Amino acid sequence: MKRILIVFGTRPEVIKLAPVVHALRARPEGAQLTLCSTGQHREMLAQTLASFDLQPDLDLQVMQPGQHPTELLGRLLLALHPVLADTQPDAVVVQGDTTTVMAAALAGFLAGRRVAHVEAGLRTHDRRAPFPEEAQRRVTGVVADDHFVPTRGAADNLRTEGIRPERIYLTGNTVVDALRWMARRVATRPLPPELDPGAARLILVTAHRRESFGAPFRAICAALRRIAEQHTDVCLLYPVHLNPQVREVAHATLGNCPRVRLVAPQDYATFVALLQRAELVLTDSGGIQEEAPALGKPVLVLREKTERPEAIAAGAVRLVGTDTDTIVATAMELLRPDSASYAAMATPRNVYGDGRASERIAEVLLTGQLTQAAFDPPGERVLESK
């Protein structure tokens, strides 16, 4: 029986690895799984694990208030070394581009273990945008053995960097697997009163990226305030990240603004229910750029660059940056009654997956090969087409 160590530290990692855990447990070969939480996110990690009926076997609890990324990386490497020595895994599985991902990939490589990277190959080709994620996923790509890519573009990026084609698997993104699984569970669930927008049009907001700290984030919050002030029929719902540099600015700028609700971070089940209800999404998140198009929710990306160009090419996402006037003008265009631009964006698209990415990944991890068909990006076919 294969021994597999699955390492995660943040909410998005849990969301995208949970379907892989369930797929591995469903395989007939069986696997000895060890789920290792680094605790890079604390409260948000626990609630997301609970949403997927998962419990970590190990919790490294590396998070400290105000920590510098260098301190976090050092603690992660030191904490993961004995875990690898104790579990002796056949494979170390990581997802995405966080400091946890880079540290676990490096630790696995240095221990002589097979490293498998879920959602590999994403690139902006600017190592400082997003910072530090672009550099972290590049480092992970260098040491990984198996590269599970969500799109053809991601596969092309890795081939350009010299990764052997036979180690690149076009699986689609596991976020679509997670979204389908959770959407079925919350389809009839009412929103809590504090989250229910009533008759107002719901604009769902997330913003927390490190490269936006300071003036760019203040500009984002100023744009949110103007949108709320200029539309009396909207409700901007913003689950505010726990980072003090986000919370302090968000509450200072938006705390007394009519039609803006600043709420605590939500568990994934509740967030999917909100996403289903939303009319428009404003975000700097990576995962939401993948989830919202599958549900036909137009997205404005509050970043200067994105490693997910496919949804932009498909017409489901617009990259608006952090300039206040640009954000407001684009949102106004989409919020106009009978907006043709909105209608063009609000068509569900399976840009990033067909719901079988986790099955493909589990097969490769346990058998070393992929016998089922690779993900074929289906263009305009919608989420419920299969």
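See the structure above.
J.: Describe the overall build of the protein chain, listing the residues and the values that go with them.
T.: Helix and strand counts for the protein chain stand at 15 helices and 13 strands. For a compact globule of 386 residues, the expected C-alpha radius of gyration is about 21 Å, and the protein chain comes in at 20 Å, within 12% of that figure. With the principal axes as the frame, the protein chain shows a C-alpha extent of 60 × 45 × 40 Å. Buried positions account for 58% of the 386 residues belonging to the protein chain. Contacts spanning at least 24 positions in sequence make up 68% of the contacts within the protein chain whose residues lie at least 6 apart. On the protein chain, roughly 15300 Å² of surface is accessible, and the fraction owed to carbon and sulfur atoms is 52%. Of the charged side chains in the protein chain, 44 are positive and 44 negative, and the gap between their average positions amounts to 1 Å.

J.: Residue-level account of the packing of helix α4 (residues 99–110) against helix α5 (residues 133–143), with values.
T.: Here α4 crosses α5 at 20°, and the two axes come no closer than 9 Å. When the axes of α4 and α5 are compared, the pair comes out roughly parallel. Viewed along their axes, α4 and α5 form a crossing whose handedness is left-handed. For the pair formed by α4 and α5, the contact residues are Thr-99, Val-101, Met-102, Ala-105, Leu-106 and Phe-109 on the first element and Gln-136, Val-139, Thr-140 and Val-143 on the second. Split into classes, the residues belonging to the contact of α4 with α5 amount to seven nonpolar, three polar and no charged.

J.: Tell me about the nonpolar core, and name the residues and values.
T.: Judged by nonpolar contacts, the single largest core of 61 residues is most densely connected at Ile-6, Leu-24 and Leu-365. The biggest single contributor to this core is helix α1 (residues 11–26), with eight residues. Not counting residues up to four positions away in its chain, the partners in contact with Leu-365 are Lys-2, Ile-4, Leu-24, Ala-91, Val-93, Arg-114, Ala-116 and Phe-148. Core analysis: the next-biggest nonpolar cluster, separate from the first, contains 34 residues, Phe-217, Tyr-238, Leu-334 and Met-345 among them.

J.: How would you explain the environment of Ala-104 if you had to name every residue and give the values?
T.: Inspection of the secondary structure assignment puts Ala-104 in helix α4. Overall, Ala-104 belongs to the buried group, its relative accessible area being 2%. Beyond its immediate stretch of four places on either side in the chain, Ala-104 contacts Val-7, Leu-80, Val-92 and Val-94.

J.: Please provide a residue-by-residue account of the pairing of strand β2 (residues 31–37), values included.
T.: In terms of burial, β2 is largely enclosed, as five of its seven residues are buried. Two elements, strand β1 (residues 2–8) and β2, share seven bridges in a ladder whose sense is parallel. Each residue of the ladder has a partner; that of Ile-4, found in β2, is Leu-33. Taken together, β1, α1 and β2 form a β-α-β motif whose crossover is right-handed. Where β2 and strand β3 (residues 58–59) come together, two bridges link them in parallel fashion. Bridge assignment links Ser-37 to a residue of β3, and that residue is Asp-59.

Cut-offs and rules
- Residues numbered from 1 in each chain as written.
- Predicted model: local features only at pLDDT ≥ 70, side-chain atom pairs only at ≥ 80, totals over all residues.
- Heavy atoms only, no water.
- Helix = DSSP H or I, 4+ residues; strand = E, 2+ residues; numbered from the N terminus.
- Rg over C-alpha atoms; globule rule 2.2 N^0.38 Å.
- Buried < 20%, exposed > 50% of the residue type's maximum accessible area, 1.4 Å probe, protein only.
- Contact = heavy atoms within 4.5 Å.
- Areas by Shrake-Rupley, 256 points an atom, 1.4 Å probe, with all protein chains shown as cover.
- Lys, Arg positive; Asp, Glu negative; His and termini not counted.
- Charge placed at Lys NZ, Arg CZ, Asp CG, Glu CD.
- Axes fitted to C-alpha atoms, helices over the stretch in contact; angles between N-to-C directions.
- Parallel < 35°, antiparallel > 145°, perpendicular 65-115°, else oblique.
- Left-handed = near helix turned anticlockwise from the far one by under 90°.
- Nonpolar A, V, L, I, M, F, W, Y, C, P; charged D, E, K, R; others polar.
- Core = buried A, V, L, I, M, F, W, Y, C linked by side-chain atoms within 4.5 Å.
- Pairing = 2+ DSSP bridges.
- Right-handed = clockwise from strand over helix to strand, strands pointing away.

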